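Inside the fold
Given next are the chains, with one letter for each unit.
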Amino acid sequence: MWLTWQLIAVSKVVTLAESMTGVYFPVLFRESGWSVRMLSWLLTLDSVVTLVFTLPAGYISDRVPVRLLMPVGLAGIATAYICLATSRSLSSFIVYVALKSIFSAIFQVVFLYSLAQVIPRHREGTYLGLNRALGQGAETLGVMLGGFQYAANQSLPFVVSAGITFAAVIGTLIITRHPAFASPAKRIERRQPPGAPVIGPWVFGLLFTAALFMGASFQAARFISLYVTEVAKRSTVELGTFFSLLTGLYALTLPLFGRLLDRTRRPLALLGIGYAGRLFFYGALPLAFASPYPHVLVVATLPYSMVVLAQQKALFYLAPAAWRGRIFSLQHVAFLLAPMIAFPVYGAIWEALGPTSVFRVACVFLVASAPALCYAYLVAVRHMKGKEPTQSELQ
């Protein structure tokens, strides 16, 4: 259990460092004299490089010991921060952003692989919820600290982030000495009980399909700010209050819903509640912001965290040790592809059919993910018990 906490702590330190620079990187880029078009291409390069190197990172994590790969990934990220702090030419910005994207892809995949090695069995939902909740807290703190640092010196957030990441390297070197992070040849298949049915690739295909549709649906939340300010004519103060309340309650309830998912005997009922809440959130959004109390709507979407945790938990259950890195990298690819698919679709729909149609399409994406996720999660739960799903459960 303590090993899990230590690993999560290292990951959140990295999240803190990244959030210090992520918000202010476009500002630094613009103040260096380059255009918004150049900035958009640079940010696109960041996403594309991460996407391209995620699958190789998964393959490497299945071949190279974690105790070697994770420190290398973190050291590469820290080095990229130092280079960005000292760089002022466009060509060097491009090189260093690509470098950071490569090592970030390695670290993200290796972290999920390592977490699957040490997370307590049958408590995956609880710890995955805590991981996501602490991640949101680290992002909020990092943005706030980064603002103070940027006001003092433009390069200071990158320098501080580099120092924090190098400290994470030292912590990783200590943590990965544990036998759970042994070489690939010595890994123990700890997730599959004796007599458990063999899981075919089609189950992972269902989980990746669900991740793609869930990610596409989630991107509609990026258009809420435009709807609130341009259509509902609400102030940015009200918008900020709404998102602060949403983020805060979401972070607080994630561990609770994760524990509920671990302990329930009726997982499909909980997933149904989560889906229903999110659909209500998107469907009632226009009516909520036409009323004096739109913040009440936040409560409806909180159970959706169980759906997100169920998708990750199913992968943790089913991924065999020899393929775990590649499977987690495929999941990461699905979430990276989602905005590339969703943003052009939502933008075209916003202009052609109107703002409210964006949230209707998000509901369609969400409903499309439900059958795949529910079936795959049920297979995962039964797999842990060494049984096949019964016909009554599938119905």
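Residues numbered from 1 in each chain as written. Predicted model: local features only at pLDDT ≥ 70, side-chain atom pairs only at ≥ 80, totals over all residues. Heavy atoms only, no water.

A turn of α-helix holds 3.6 residues, and therefore any two residues three or four places apart point the same way. The terminal C-alpha atoms of helix α14 (residues 324–353) lie 42 Å apart, and with 30 residues this matches the ideal 44 Å at 1.5 Å per residue to within 8%. Downstream of α14 by one or two residues, glycine 354 has phi in the positive range, about 110°. (Helix = DSSP H or I, 4+ residues; strand = E, 2+ residues; numbered from the N terminus. Expected span 1.5 Å × (residues − 1).)

Relative placement of two packed helices is described by the angle separating their axes and the distance separating the axes. Contact geometry of helix α8 (residues 201–218) with helix α13 (residues 305–318) gives a least axis separation of 11 Å together with a crossing angle of 155°. On the basis of the axis angle, α8 is roughly antiparallel to α13. Of the two possible hands of crossing, α8 and α13 adopt the one that is left-handed. For the pair α8 and α13, contact is made by Val203, Phe204, Leu207, Phe208, Ala211 and Met214 and by Val307, Val308, Gln311, Ala314, Leu315 and Leu318, respectively. Of the residues assigned to the contact of α8 with α13, the class counts are eleven nonpolar, one polar and no charged. (Axes fitted to C-alpha atoms, helices over the stretch in contact; angles between N-to-C directions. Parallel < 35°, antiparallel > 145°, perpendicular 65-115°, else oblique. Left-handed = near helix turned anticlockwise from the far one by under 90°. Contact = heavy atoms within 4.5 Å. Nonpolar A, V, L, I, M, F, W, Y, C, P; charged D, E, K, R; others polar.)

Those residues of helix α9 (residues 224–231) lying buried are Ile224, Tyr227 and Val228. Taken down its axis, α9 places every buried residue within 95° of arc, on the same side. Positioned one or two residues after α9, lysine 233 has a phi angle of 60°, which is positive. (Buried < 20%, exposed > 50% of the residue type's maximum accessible area, 1.4 Å probe, protein only. Arc of directions from axis to C-beta.)

Interaxial distance between helix α6 (residues 124–152) and α13 falls to 10 Å at its minimum, and their mutual angle equals 125°. Comparing the axis directions of α6 and α13 gives the class oblique. In this structure, the crossing between α6 and α13 has a hand that is right-handed. Side by side, α6 and α13 meet where Glu124, Gly125, Leu128, Gly129 and Arg132 of the first sit next to Val308, Leu309, Gln312, Lys313, Phe316 and Tyr317 of the second. When grouped by side-chain class, the residues that make up the contact of α6 with α13 number five nonpolar, three polar and three charged.

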